[in-house]
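Survey of secondary and tertiary structure
Listed here are the chains, written in short residue letters.
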Amino acid sequence: MKPVPATAPVRLTLRRPDDWHLHLRDGAILRAVLPLTAAVFGRAIVMPNLRPPVTHTAHARAYRDEIMKALPAGMQFQPLMTAYLTDATDAKDIEHGFHDGVLTAAKLYPANATTHSELGVTDIRKIYPVLERMQAMGMPLLIHGEVTEADVDIFDRENIFIDRILTPLLAAFPALKIVFEHVTTSDAVDFVKAQADDGRLGATITAHHLFLNRSDIFKGGLRPHHYCLPVAKRERHRLALIDAATSGHAAFFLGTDSAPHPVTAKESACGCAGIFTAATALDLYAGIFDAAGALDRLEAFASLNGPRFYGLPANADSIVLERGGSVEPAPVRTEADDTILSFTPPGGRLHWRVAPQASERSPRQPRER
Ligand code: NCD
Ligand code: ZN
């Protein structure tokens, strides 16, 4: 991890950003983490890997209601719902969910690729009828891009996914909109850049993958809070992700993959995958863009490229980021008395912060999708 220097105070006004890959969970964790995202982000693509997963439109609608109920009075936020694809997904249900404005996208977890993905797809050909419908409707497919075969080394799972699954998928469905979620390798970055410039393949990049390489998971001992999936890769891959995020290239956009887990589930003999960044996400990205001399491209990455990909308007209002302070990320405590630790960047402190500005927020009406 490279330290981000703190220098003179700077203020930066940005179009309000969105988070295009977020885990909100449900119940007490949802109530604890949602206000942190809603304080900064206008919308978020909400991941469906609950227990049980959100596999149907009716469940997505109920989950959206639960999220809106958990939103503190006076806050505005639009959850964009996704359906969790399984071998048994009903194409008609997905179609209705999309047409009715309940579903924005569908998520492909290869079975057992990551946290709560046991019911994921065992063979992509099993969902071809669903993908046909999605292609016809212009509904995006969001992909956790890792193969799961036991004989594939964990650090190679994304690379091999590109060759074995993603390349044939793009050829089989030439008009399907796809997001390659949380890319972690230079190979994925190069692959996305090499696609025809038709806006149908996008990629999210997390904040933590811009800070971590694989050695950081083992620095001075095993670091469970630096463990997520896809796992962080070599330093050269981290640098390629920074280049991609700060390049201004329209295919790359912000998706935190903020994944809250109680500290007890992380600090365990079998610690679960997931890094929680919702409390500090934009501060983390700003530090990276600042260090790369690319603050002028942060708005494209955080606030413009995502809506363009999804065919949605950018948010109308803005936020202010400030550099100059030095803040330690605070843990989040749930009403069930669980503690969720925020990702700690190098040096342990953040030098960018989103300025509080609740009173300046223009009212935004909740919309369908
Ligand atoms: C995510 C989670 O905890 O739900 N974990 C992670 O390491 N990213 C699942 C996921 O997005 O892979
Ligand atoms: Zn995720």
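Reference entry: report on the structure contained in this document. (Residues numbered from 1 in each chain as written. Chains lettered and ligands numbered in written order. Predicted model: local features only at pLDDT ≥ 70, side-chain atom pairs only at ≥ 80, totals over all residues. Heavy atoms only, no water.)

Here the focus is the overall build of the protein. On a plain count of helices and strands, the protein comes out with eleven helices and 13 strands. Taken against the 2.2 N^0.38 rule, which gives 21 Å for 369 residues, the C-alpha radius of gyration of the protein at 19 Å falls within 12% of a compact globule. In terms of principal-axis extent, the alpha carbons of the protein reach across some 55 × 45 × 45 Å. Taking all 369 residues of the protein together, the buried fraction comes to 58%. Excluding contacts between residues fewer than 6 apart, the proportion of contacts in the protein whose partners are at least 24 apart in sequence is 76%. Accessible surface computed for the protein: about 14,700 Å², of which carbon and sulfur atoms make up 52%. Of note, the protein has its 39 positive side-chain charges centred 3 Å away from the centre of its 42 negative side-chain charges. (Helix = DSSP H or I, 4+ residues; strand = E, 2+ residues; numbered from the N terminus. Rg over C-alpha atoms; globule rule 2.2 N^0.38 Å. Buried < 20%, exposed > 50% of the residue type's maximum accessible area, 1.4 Å probe, protein only. Contact = heavy atoms within 4.5 Å. Areas by Shrake-Rupley, 256 points an atom, 1.4 Å probe, with all protein chains shown as cover. Lys, Arg positive; Asp, Glu negative; His and termini not counted. Charge placed at Lys NZ, Arg CZ, Asp CG, Glu CD.)

Moving on, we come to the environment of Leu222. Within the fold, Leu222 resides in the loop between α7 (208-211) and α8 (235-246). Judged by relative accessible area, which is 67%, Leu222 ranks as exposed. Between the C-alpha atoms of Leu222 and Gly145, which are 77 residues apart in sequence, the distance is 25 Å.

Before going further, it helps to spend a moment on the nonpolar core. Residues Leu24 and Leu141 are the most contacted members of the largest nonpolar core, which totals 99 residues. The greatest single-element share of this core, amounting to seven residues, is contributed by helix α10 (residues 281-291). Ignoring anything within four residues of it in the chain, the contact list for Leu141 reads Leu85, Ala106, Leu108, Leu131, Met134, Leu169, Leu176, Lys177, Ile178 and Val179. Within the second largest apolar cluster, 13 residues are counted, among which are Ile45, Leu80, Tyr109 and Val179. (Core = buried A, V, L, I, M, F, W, Y, C linked by side-chain atoms within 4.5 Å.)

Looking now at the site of ligand 1. Ligand 1 sits among 15 residues. The nearest are Asn49, Thr114, Leu229, Asp257 and His261. Interatomic distance of 2.8 Å between a side-chain N/O atom of Arg25 and an oxygen atom of ligand 1. Note that an oxygen atom of ligand 1 is positioned 2.8 Å from one of the side-chain N or O atoms of His261. Out of a free accessible area of 310 Å², ligand 1 has 100% covered by protein chains. (Near = heavy atom within 4 Å. Polar contact = N/O pair within 3.5 Å; in protein donor to acceptor, adjacent residues only side chain to side chain.)

Next up on the list: the side chain of His21. By the element assignment, His21 lies in strand β2 (residues 19-22). At 2.8 Å, the side chain of His21 forms a polar contact with the side chain of Glu181. Once residues lying within four places of it in the same chain are set aside, the contact partners of His21 are Ile45, Met47, Lys107, Glu181, His182, Thr204, Gly255, Thr256, Asp257 and Ser258.

With that settled, consider the sheet that holds strand β5 (residues 103-108). Strand order in the open sheet formed by eight strands is β2-β3-β4-β5-β6-β7-β8-β9, and the pairing between neighbours is parallel. At either end of the open sheet lies a strand with only one pairing partner, and these are β2 and β9 (252-254). Strand-to-strand twist of the sheet, defined as the mean angle between neighbouring strand axes without regard to direction, takes the value 30°. Here β2 pairs with strand β3 (residues 43-46) via two bridges, running parallel. Considered in β3, the bridge of Asp19 is made with Ala44. (Pairing = 2+ DSSP bridges. Axes fitted to C-alpha atoms, helices over the stretch in contact; angles between N-to-C directions.)

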